[in-house]
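Take a look at the letters that make up each chain.
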Amino acid sequence: MPKVRTKDLLSKFNLQLISGEEGINRPISTSDLSRPGIEMAGFYEYYPAERLQLLGKTELTFFNKLGPKERKHRMDMLCTDITPAIIVTRGQEIPEELIEASIRESVPVLLSDMTTTRLFSRLTNYLEGKLAPTTAVHGVLVDIYGVGVLITGKSGVGKSETALELVKRGHRLVADDCVEIRQEDQDKLVGGAPDLIEHLLEIRGLGIINVMTLFGAGAVLNRKKISLIINLEIWEKNKHYDRLGLDDEKQKIIDTELPRLTVPVRPGRNLAVIIEVASMNFRLKRMGMNAAEQFANKLSEVIEDGDSDDL
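Remember, predicted model here, so these are calculated numbers, not experimental data.

Let's shift gears to unusual backbone geometry. In this model, Tyr 145 sits at a positive phi of 50°, which is unusual for a non-glycine residue. Secondary-structure assignment places Tyr 145 in the loop between strand S7 (140-144) and strand S8 (147-153). Residue classification places Tyr 145 among the partly exposed positions, given a relative accessible area of 37%. With phi around 55°, Ile 254 is a residue other than glycine that occupies positive phi space. Within the secondary structure, Ile 254 sits in the loop between strand S16 (250-253) and strand S17 (256-265).

Here it is as C-alpha cells:
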C-alpha cells in the first residue's frame, strides 16, 4: 500500500483543495519536489511528472506574460495521469487554464498561504520521513547517555533483562523485542517501537510491564537515532573475543554501516554496566580519544625502546 497519498497533505499542511478532487487518492512515490520553471518556458522533455509540482510567484509571474495558446498548452502538459498534485503557494490567484486542465486529468490543485521556499522545505522533510526505507530488527533499543544502542542477540540471551537494568540506572527505553528502523538519511538510522508494543517490556517469568507507568515518562523515548550495535551471545570457551578494543566490526542495516561490539554472556557478568561503559567509550572515540589505540602506541614505543637498548 502507498505510504503517502495526496489527501494526506491537506490537513498536515493546511492546504485548500481547489479542483481535481477525483485524484485526491493519488499515491506520492518520491520525496523529490519540482518547481516547473523551465516547463513554463515550454521545455517538457525531462518533465518529472511523478513529483509534486509547486508553482510559486516566479513561475506564475512568467506564466501570466504568455499568450492564450501558450498558457493553455503549458497547463495541459503540466497535468498528467501520474502527477500527484499541483500546489500554488503564497495564496496566489490560480489560472483558469490550470483549473480546466486539472479537472480534465483529475489532478488535484491545492492552494497554500505559505511561501514557496518554506513549503518546499516542509514537504521535503515530511516526505523523506514517510517514504524512507524501513526494516524491522529483533532486539532492544535503548538511549544511553544520548547514544542510541541497539542490543541484539538470540532469544533468551538476556536482552530485555539488560534493558530493564539500564532503565533502572536512569537510561531510556525506546523499543523492546521488535525495533522498526527507518533510514532517514544516507547515514542516519532512526529506530522506534511499533504502536502495539510501545513502552512495553517483556521479562520472562514476570510477563509484560509498562515501563512508562512503572518508571515515569522520563524512562521512555519514542524515537532515537541508532549509533551503536551491541550483540550479546552465550560465552564460547574456545572462541576468541576482542580484549583490546582494536577490532573494527561493522554491521549493515539497509544502506548504513554501524559499529558493532560482541559481548559474551556468562554468569557473573554485569551486562548493564558493560553496555553503559561501552556507550561512554563510544562517545569518547567520537571525540577523538581512543584508549585502545593509545595503549597500542605506548606498547609499540616500549618495544622499540627495548630493541634499541639491546643494540
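Here the focus is the packing of aromatic side chains. Inspection of every chain in the model, using the stated rule, returns three aromatic pairs. Residues Phe 43 and Tyr 46 carry aromatic rings whose centres are separated by 6.1 Å and whose planes lie at 45° to one another, so their mutual orientation is tilted. With centroids separated by 5.5 Å and ring planes inclined at 80°, the aromatic side chains of Tyr 44 and Tyr 47 adopt a geometry described as edge-to-face. Take Tyr 44 and Tyr 47: they sit in the same class, and that class is buried. For Arg 266, the ring lying beneath its charged end belongs to Trp 235, and the centroid distance is 3.9 Å.

Here we take up the sheet that holds S7. Read across the open sheet, the six strands follow the order S9-S7-S8-S15-S17-S16; overall the sheet is mixed. What marks the edges here is a single partner per strand, and that holds for strand S9 (172-175) and S16. Ignoring strand direction, the axes of neighbouring strands in this sheet form an average angle of 35°. As paired elements, strand S15 (residues 228-234) and S17 share six bridges and run parallel to each other. When the bridges of S17 are listed, Ile 230 appears paired with Leu 261. Contacts between helix H7 (residues 159-168) and the sheet are confined to S7, S8, S9 and S15, with S7 contributing the most and set at about 20° to the helix. In the packing of helix H9 (residues 271-286) onto the sheet, contacts are made with S7, S8, S15 and S17, and the angle to S8 comes to roughly 135°.

Below, the discussion takes up H9. In a regular helix each residue adds 1.5 Å, so 16 residues correspond to 22 Å; H9 covers 22 Å between its end C-alpha atoms and thus fits that length. Taken together, the buried positions of H9 are occupied by Leu 271, Ala 272, Ile 275, Glu 276, Ala 278, Ser 279 and Phe 282. An end-on view of H9 places all buried positions within 160° of arc, on one side of the element. Gly 288, located one to two residues past H9, shows a positive phi value of around 95°.

Bringing the nonpolar core into the picture now. Here is a general trend for soluble globular proteins: nonpolar side chains tend to be buried in one another's company. Residues Val 149, Ile 151, Leu 201, Ile 230, Leu 232 and Ile 275 are the most contacted members of the largest nonpolar core, which totals 28 residues. Looking at this core, the elements with two or more residues in it are S7, S8, H7, strand S12 (200-203), S15, S17 and H9. Setting aside residues no more than four positions away along its own chain, Ile 275 makes contact with Ile 144, Val 149, Ile 151, Thr 162, Leu 166, Ile 230 and Leu 232. Grouped together as the second largest cluster of nonpolar side chains are 20 residues, Leu 66, Leu 98, Ile 99 and Leu 111 included.

Rules of the game
Residues numbered from 1 in each chain as written. Predicted model: local features only at pLDDT ≥ 70, side-chain atom pairs only at ≥ 80, totals over all residues. Heavy atoms only, no water. Helix = DSSP H or I, 4+ residues; strand = E, 2+ residues; numbered from the N terminus. Buried < 20%, exposed > 50% of the residue type's maximum accessible area, 1.4 Å probe, protein only. Phe/Tyr/Trp six-rings, centres within 6.5 Å; stacked < 30°, edge-to-face > 60°. Lys NZ or Arg CZ within 6 Å of the ring centre and 35° of its normal. Pairing = 2+ DSSP bridges. Axes fitted to C-alpha atoms, helices over the stretch in contact; angles between N-to-C directions. Contact = heavy atoms within 4.5 Å. Expected span 1.5 Å × (residues − 1). Arc of directions from axis to C-beta. Core = buried A, V, L, I, M, F, W, Y, C linked by side-chain atoms within 4.5 Å.

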